[in-house]
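If you want the building blocks of each chain, they are given just below.
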Amino acid sequence: MSNKSKKATSGATDGGQQKLAKQRSHDYQDYSAFKVVLFYCSLIVFLPVVTFFVLKGFVLERFFTMSDIKVNIAAAVGAVAALHVSLGVYIYRAYFGGSKSSKED
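Parameters and conventions
- Chains are numbered independently. Their residues run from 1 in the order of the written sequence.
- The predicted nature of this model means local features are confined to residues of pLDDT at least 70 and side-chain atom pairs, given and counted, to a pLDDT of 80 or more, with totals for whole chains, interfaces and linings taken over all residues.
- Side-chain numbers here rest on the full set of heavy atoms in the structure, without hydrogens or water.
- Only DSSP runs of H or I with at least four residues qualify as helices, and only runs of E with at least two residues qualify as strands; both kinds are numbered from the N terminus onward.
- Think of it in three bands: residues with accessible area under 20% of the maximum for their type are buried, residues over 50% are exposed, and the middle band is partly exposed, with areas taken using a 1.4 Å probe on protein chains only.
- Contact definition: two residues touch when any of their heavy atoms are within 4.5 Å.
- Only the protein chains shown count as cover for residues, and the accessible areas themselves come from Shrake-Rupley with a 1.4 Å probe.
- Only buried residues count toward a nonpolar core, which is a set of Ala, Val, Leu, Ile, Met, Phe, Trp, Tyr and Cys residues joined through side-chain atoms within 4.5 Å.
- Helices are assigned an expected span. That span is 1.5 Å times one less than the residue count.
- UniProt positions are given in the numbering used here, feature names are shortened, and annotations may be inferred rather than shown by experiment.

Trainee: Quick one: what's the story with the overall build of the protein chain, residue by residue and with numbers?
Mentor: Looking only at helices and strands, the protein chain has two helices and zero strands in total. Counting every position in the protein chain, which comprises 105 residues, the buried fraction comes to 10%. The contacts of the protein chain with a sequence gap of at least 6 include a subset with a gap of at least 24, amounting to 57%. Of the roughly 8900 Å² that the protein chain leaves accessible, carbon and sulfur atoms contribute 65%.

Below is the structure:
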C-alpha cells in the first residue's frame, strides 16, 4: 500500500505543479496584456493634452506672432493630430502586431 500511496502522492504533486505553472503562465500573459493596454490608454489620454499645452505655451506663443484664438485653434488641431496618431498606432498594433495568441481552452 505504501507504494501506491507514494505514486498517488507524487502524481498529485506533479499535477499540482503543472497546474501552478500553467496558472503562472496565464497570469503573466494577463499582466503583459494589461501593461500594453495601460500604455496605449495613457498614450491616448495624455499625448493630446501634453501636445496641446506644449504647442500653445512653448511653440506657438513664443515663435509665431498669432492672436490667442489662432494659437488655441492651432494647438487644438495639433492635439487632434496627436490623438489620431496614437489611435493609429494602437489600431496598427492590435491588427498587425502583437504576440501569437492561441487559445488552449
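Trainee: Any details on the nonpolar core? Residues and values, ideally.
Mentor: Listed in full, the five residues of the largest apolar core are Phe52, Leu60, Val71, Ala75 and Ala79. Per-element tally for this core: the top contributor is helix H2 (residues 68-95), with three residues. Setting aside anything within four residues of it in sequence, one finds Ala75 in contact with Phe52, Leu55, Lys56 and Leu60.

Trainee: Residue-level account of H2, with values.
Mentor: Turn by turn, an α-helix covers 3.6 residues, leaving residues three or four places apart pointing in a common direction. The first and last C-alpha atoms of H2 sit 40 Å apart over 28 residues, in line with the 40 Å expected at 1.5 Å per residue. Residues of H2 that are buried: Val71, Ala75, Gly78, Ala79, Ala82 and Ser86.

Trainee: Run through the UniProt feature "transmembrane region" (unreviewed entry) in the protein chain, naming residues and quoting values.
Mentor: According to UniProt, the "transmembrane region" (unreviewed entry) feature falls on residues 37-59 and 71-92. Taken as a whole, residues 37-59 contains 100% helix and 0% strand, while its terminal C-alpha atoms sit 31 Å from one another. Counted over residues 71-92, helix gives 100% and strand 0%. Its end C-alpha atoms are 31 Å apart.

Trainee: Got a sec to walk through the side chain of Thr51? Specific residues and values, please.
Mentor: Within the secondary structure, Thr51 sits in helix H1 (residues 2-63). For Thr51, the residues in contact, after removing those within four places along its chain, are Gly78, Ala79 and Ala82.

Trainee: Describe the side chain of Ser86, naming the residues involved and giving the relevant values.
Mentor: Note on placement: Ser86 falls in helix H2. Leave out the neighbours within four places in its chain, and Ser86 touches Leu43, Ile44 and Leu47.

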